[in-house]
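Descriptive analysis of the structure
Here is what each chain is made of, one letter per residue.
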Amino acid sequence: MIAKIEQLLQEVEAMTANNAEELEALRIKYLSKKGAISELMTDFRNVPAEQKKEMGMKLNELKNKAQEKIAALKEQFDTRDNECDGLDLTRTAYPIALGTRHPLSIVRNEIIDIFGRMGFNISEGPEVEDDLHVYTKLNFAADHPARDMQDTFFVEVNDEDVTKNIILRSHTSSVQVRVMEHAQPPIRIVCPGRVYRNEAISYRAHCFFHQVEGLYVDKGVSFTDLKQVLLLFAQEMFGAETKIRLRPSYFPFTEPSAEMDISCNICGGKGCPFCKHTGWVEILGCGMVDPNVLDACGIDSKVYSGYAFGMGIERIANLKYRVSDLRLFSENDTRFLKEFEAAH
Ligand code: PHE
């Protein structure tokens, strides 16, 4: 039997094949169920016990060699048969397409980075909120129109006590309330996040959008501080030559309140269709936190004062990148998203 194994080993070593058919014939001859090696395996049962170990090893060696050789020959034919000469099919697919950051993420990161450098921390809170945090503690009167179904998405309505209503937040000021409930001044935070309003979807409105709101509460905080911080922000975001102007406005949670315009960054303030020939574009709302809000959140309004501001990220992104249709931000069209490849 040893002699037979030796002979087969030599045959295996010398094996060659010119094509896949010849190779298959070899495989059948040696390795199939009725092949030469399988036959030896059957004979192996009759080998005397004391020879079994040595013989077994030899047989295994033969079997492995035959398998290796056939696999090696097979590889040779595989590449030829597939007509992919020169292609290494074991390589990673190339090129690996890299994703891009979403334009709203790019702009959000830029905004919070600018405020981060001025000492603001990031706070986040739930999107599914209650009326208490979105409206009541922010000094909204019980019959304020923003509480209306036209603006607010209701998740759970409580008829006995409307302040228990569960809603989707319509601004991230609710996060500021949550922070003030649990911390004492100094508080200096920005709150980025998604907000929801019940609007018909069009090129300039959506039922959700994104905000960054800011809050600073401490002793002796004044409107001047607010104005300076917003000027620095505008110049960092839109360029050193950017001017700001504040117009009186109204929000239930700030007093006094203002809306801030920047000099139109498209025409540089000379007047163009984008700024409706005024030279100015509105970018955010702001004001001094109403003492009622501080008191409702457990902060003594006789000791502390603060300012707050809030802006839409889509609005800032539009000014920076002039996106003509708001819906593009949520459609995941990769042709649109790819345009921001170089922006981050
Ligand atoms: N919460 C306001 C809004 O969503 C923005 C704002 C924040 C205005 C803080 C003033 C102060 O429109």
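Our structure is the block above this text.
Structure report, in brief. (Residues numbered from 1 in each chain as written. Predicted model: local features only at pLDDT ≥ 70, side-chain atom pairs only at ≥ 80, totals over all residues. Heavy atoms only, no water.)

Regarding the overall build of the protein chain
Broken down by element type, the protein chain carries eleven helices and ten strands. For a compact globule of 344 residues, the expected C-alpha radius of gyration is about 20 Å, and the protein chain comes in at 37 Å, more than 25% above that figure. Summarising its shape, the C-alpha atoms of the protein chain cover approximately 105 × 50 × 40 Å along the three principal directions. Across the 344 residues in the protein chain, those meeting the buried criterion constitute 42%. (Helix = DSSP H or I, 4+ residues; strand = E, 2+ residues; numbered from the N terminus. Rg over C-alpha atoms; globule rule 2.2 N^0.38 Å. Buried < 20%, exposed > 50% of the residue type's maximum accessible area, 1.4 Å probe, protein only.)

Looking at the site of the ligand
Among the 13 residues in the neighbourhood of the ligand, the closest are listed as H171, S173, R197, Q211 and E213. Within the side chain of S173, a nitrogen or oxygen atom sits 3.1 Å from a nitrogen atom of the ligand. Within the side chain of Q211, an N or O atom sits 2.8 Å from an oxygen atom of the ligand. Coverage of the ligand by the protein amounts to 90% of the 320 Å² it exposes when considered alone. Of all the elements in the fold, those that place two or more residues in the shell around the ligand are β6 (208–218), β9 (280–289) and β10 (305–312). Per-class residue counts for the shell around the ligand are five nonpolar, six polar and two charged. (Near = heavy atom within 4 Å. Polar contact = N/O pair within 3.5 Å; in protein donor to acceptor, adjacent residues only side chain to side chain. Areas by Shrake-Rupley, 256 points an atom, 1.4 Å probe, with all protein chains shown as cover. Nonpolar A, V, L, I, M, F, W, Y, C, P; charged D, E, K, R; others polar.)

Overview of the environment of R169
Here R169 lies in the loop between β4 (166–168) and α7 (173–182). Note: C-alpha distance between R169 and E21 (148 residues apart in sequence) is 71 Å. If sequence neighbours within four positions are ignored, R169 has contacts with G125, P126, E127, E129, V134, S174, V175, G193, R194, V195 and Y196. Only 2.8 Å separates the side chain of R169 from the backbone oxygen of R194, close enough to count as a polar contact. (Contact = heavy atoms within 4.5 Å.)

Looking at the sheet that holds β9
Spatially, β1-β5-β6-β10-β9-β8-β7 is the arrangement adopted by the seven strands of the open sheet, whose pairing is mixed. Among the strands making up the open sheet, the edge pair consists of β1 (121–122) and β7 (244–251). Where β6 meets β10, eight bridges bridge the pair, whose relative direction is antiparallel. By the bridge assignment, Q211 is partnered in β10 with G312. (Pairing = 2+ DSSP bridges.)

Details of the pattern of salt bridges
Enumeration according to the criterion identifies 18 salt bridges in this entry. R27 is paired through a salt bridge with E24; the nearest N and O atoms lie 3.1 Å apart. Separated by three residues within a single helix, R27 and E24 lie in helix α2 (residues 20–31), roughly one turn from each other. Judged by its relative accessible area of 31%, R27 falls in the partly exposed class. One salt bridge connects E61 with K65, and the closest N-O pair in it is separated by 3.4 Å. Here E61 and its partner K65 are both found in helix α4 (residues 49–81), four residues apart, which amounts to about one turn of the helix. (Salt bridge = Lys/Arg side-chain N within 4 Å of Asp/Glu carboxyl O.)

Here's the deal with the pairing of strand β8 (residues 254–263)
Counting buried positions along β8 gives eight out of ten residues, so the element sits mostly inside the fold. In the sheet, β7 pairs with β8 via seven bridges, with the strands oriented antiparallel. Its bridge partner lying in β8, F251 is registered against T254. In sequence, β7 turns back onto β8 through a hairpin of two residues. As judged from the eight bridges shared by β8 and β9, these two strands associate in the antiparallel manner. Bridge pairing in β9 links I262 to V281.

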